[in-house]
Structures are given as structure tokens and as C-alpha cells.
Amino acid sequence: MEVYYFDIEPLRNKAIFNSQIENITEGRLERIEKSQSTADKLRLMGSGLMINFIKTKYFVDSDVATDKHGKPYFVNSDLKFNLSHSGRYVVAAVSDYEIGIDIQKKKADKHRIAEKNFLQGECAYINAGANDEERHQRFCEVWTLKEAYLKNIGMGLRKPLNSFEIVFRPEGP
């Protein structure tokens, strides 16, 4: 498995953004044009550039499609990949087996979200953090593990986060 990231911040420069349009598929370009938010346009462009990078690096000559749950895949390739974006970053995981990845921009006050979406053991793990910073880090750990798992199995957030539990042990989750 390989993990790559791309900082989309340089795409805020219109000249840089426009210079990359020719490298984007028509379908992605339509999604970019329909998007109302500048941040969404940048993430869509960054995701398209990340897909191009993967195709070049791994010699994939195939279109990207999505399964019935929206998980992307290469049409004529056994190479698996998954994307995530948040804030100013797009990340990708590439593997020979099914894979999921997630990133989250750190934001304050996640306790209500945890109580609503996580199970008791996960909330206990979060609350056992020594201070607010560690509790916030643990929240992000639980959230990204759960979302990456759901993306790995092709469900995304259609399956409730509180329908399964991440168990934290000394050797790892």
C-alpha cells in the first residue's frame, strides 16, 4: 500500500488552476463547473490531478468509474485506490487489495458528534485522553478509522457510524 497527499492551496491561483483544466476529464470538469463553492472546486480539481498522478505512476491506461455506492475504481485494472479530501489536502491510498482512506480537518468541539455517532467504548477511549488536545486527536482517530473502513467496504457514510465499533487495544485498533 502507498499513500500520497496533495496540497490544493496552490490551485487557488487562477493561472495555476486554469493551466490544469486540460488535464481533467470532461465529467470531472462538469462537476467542477457546477460546484458553487470555491473550496469544492479546488478539492474536485485536486482529486482529478491525484487520479492522474496515480494513473501515470502505476501505468494505468483506464478510465475511472464508480460502483453503485460511489466508490471509485479503474475500469480495466486490478489496481485499487481510494481518495479523501478535507481542508487543503487530498489524499489517496493505492493498493493491490480493496482499500479505504480518510482525512479530517481538525475542528474544535467534537463531543456532541462523538456521542451521537460513536459507541460507548469509542467514546470512553476518546474521553480517556489526558487533555483536550489528546481527546480531540482521539476523536479524529476514531472518525477516520470508521470512515476509512466504510470506504474500504464500499459503503461510505450510507452505513451509520454507530452500527459497528472500533476496539482499541494496546497493539492497535
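Up top is the structure.
If you're wondering where the values come from, they're calculated on a predicted model, not measured in any experiment.

When you look at the sheet that holds strand S1 (residues 2–7) in this model, what are you seeing that I'm missing?
Strand pairing in a sheet relies on backbone hydrogen bonds. The paired strands run either parallel or antiparallel. Pairing is antiparallel across the open sheet formed by three strands, whose spatial order is S1-S5-S4. The sheet is open, and its two edges are formed by S1 and strand S4 (80–86), each paired on a single side. The mean angle between the axes of side-by-side strands here comes to 15 degrees, regardless of whether they run parallel or antiparallel. One ladder, built from six bridges, connects S1 with strand S5 (residues 89–95); its direction is antiparallel. Bridge assignment links Tyr5 to a residue of S5, and that residue is Val91.

Would you mind going over the packing of helix H2 (residues 26–34) against helix H3 (residues 38–57) with me for this structure?
How two helices pack is summed up by the angle between their axes together with the distance between the axes. Where H2 meets H3, the closest approach of the two axes is 8 Å, and the angle between their N-to-C directions is 165 degrees. Classified by the angle between their axes, H2 and H3 sit roughly antiparallel to one another. When you trace H2 past H3, the crossing you get is left-handed. Packed against H2, whose contacting residues are Arg28, Arg31, Ile32 and Glu33, the element H3 presents Lys41, Leu44, Met45, Ser47, Gly48 and Ile51 at the interface. Classifying every residue of the contact of H2 with H3 gives four nonpolar, two polar and four charged.

I tried to follow the environment of Asn152 on my own but got confused; where do I start?
If you trace the backbone, Asn152 turns up in helix H6 (residues 132–152). Residues Asn152 and Asp102 lie 50 residues apart in sequence; the distance between their C-alpha atoms is 10.0 Å.

Could you clarify how one ought to interpret H3 in this entry?
Residues that lie three or four places apart on an α-helix share one face, since the helix turns once every 3.6 residues. Helix length check: H3, at 20 residues, gives a terminal C-alpha distance of 28 Å against a target of 28 Å (1.5 Å per residue), a fit within 8%. Turning to H3, its buried residues are Leu42, Arg43, Leu44, Met45, Gly46, Ser47, Gly48, Leu49, Met50, Ile51 and Ile54. Near the N-terminus of H3, the side chain that reaches the backbone nitrogen of Ala39, with its oxygen 3.2 Å away, is that of Ser37. Taken from the residues just after H3, Phe59 is the one with a positive phi, measuring 55 degrees.

Can you walk me through the packing of aromatic side chains in this structure?
Counted under the stated rule, the structure contains nine aromatic pairs. Aromatic pair Tyr5 and Tyr89: ring centres 6.0 Å apart, planes at 65 degrees, arrangement edge-to-face. One end of the pair, Tyr5, is in strand S1; the other, Tyr89, is in strand S5, and 84 residues separate them in sequence. Looking at Tyr5, the relative accessible area reads 64%, which means it is exposed. Residue classification places Tyr89 among the partly exposed residues on the basis of a relative accessible area of 32%. Ring geometry for Phe74 versus Phe81: centroids 4.5 Å apart, planes at 35 degrees, classification tilted. Across the pair, exposure class does not vary: Phe74 and Phe81 are buried alike. Members of the aromatic cluster, each reached through a chain of ring pairs, are Tyr4, Phe53 and Tyr58. Taking NZ or CZ as reference, Arg138 lies 4.3 Å from the ring centre of Tyr125, over its face. The positively charged end of Lys146 is found above the aromatic ring belonging to Phe164, 4.1 Å away from the centroid.

Is there a simple way to explain the nonpolar core in this structure?
In globular proteins that are soluble, nonpolar side chains generally tend to be buried together. In terms of nonpolar packing, the biggest core is built from 22 residues, with Leu11, Met45, Met50, Ile54, Phe74 and Phe81 touching the most fellow members. Listing elements by their share of this core, those giving two or more residues are H2, H3, S4 and S5. With seven residues, H3 is the single largest residue contributor to this core. Apart from residues lying up to four places away in sequence, Ile54 is in contact with Phe74, Leu79, Phe81, Ala92 and Val94. Counting 13 residues, the second largest nonpolar core, distinct from the first, contains Cys123, Tyr125, Trp143 and Ile166.

Reading guide: rules and limits
Residues numbered from 1 in each chain as written. Predicted model: local features only at pLDDT ≥ 70, side-chain atom pairs only at ≥ 80, totals over all residues. Heavy atoms only, no water. Pairing = 2+ DSSP bridges. Helix = DSSP H or I, 4+ residues; strand = E, 2+ residues; numbered from the N terminus. Axes fitted to C-alpha atoms, helices over the stretch in contact; angles between N-to-C directions. Parallel < 35°, antiparallel > 145°, perpendicular 65-115°, else oblique. Left-handed = near helix turned anticlockwise from the far one by under 90°. Contact = heavy atoms within 4.5 Å. Nonpolar A, V, L, I, M, F, W, Y, C, P; charged D, E, K, R; others polar. Expected span 1.5 Å × (residues − 1). Buried < 20%, exposed > 50% of the residue type's maximum accessible area, 1.4 Å probe, protein only. Polar contact = N/O pair within 3.5 Å; in protein donor to acceptor, adjacent residues only side chain to side chain. Phe/Tyr/Trp six-rings, centres within 6.5 Å; stacked < 30°, edge-to-face > 60°. Lys NZ or Arg CZ within 6 Å of the ring centre and 35° of its normal. Core = buried A, V, L, I, M, F, W, Y, C linked by side-chain atoms within 4.5 Å.

Purely geometric numbers; function is a separate question.
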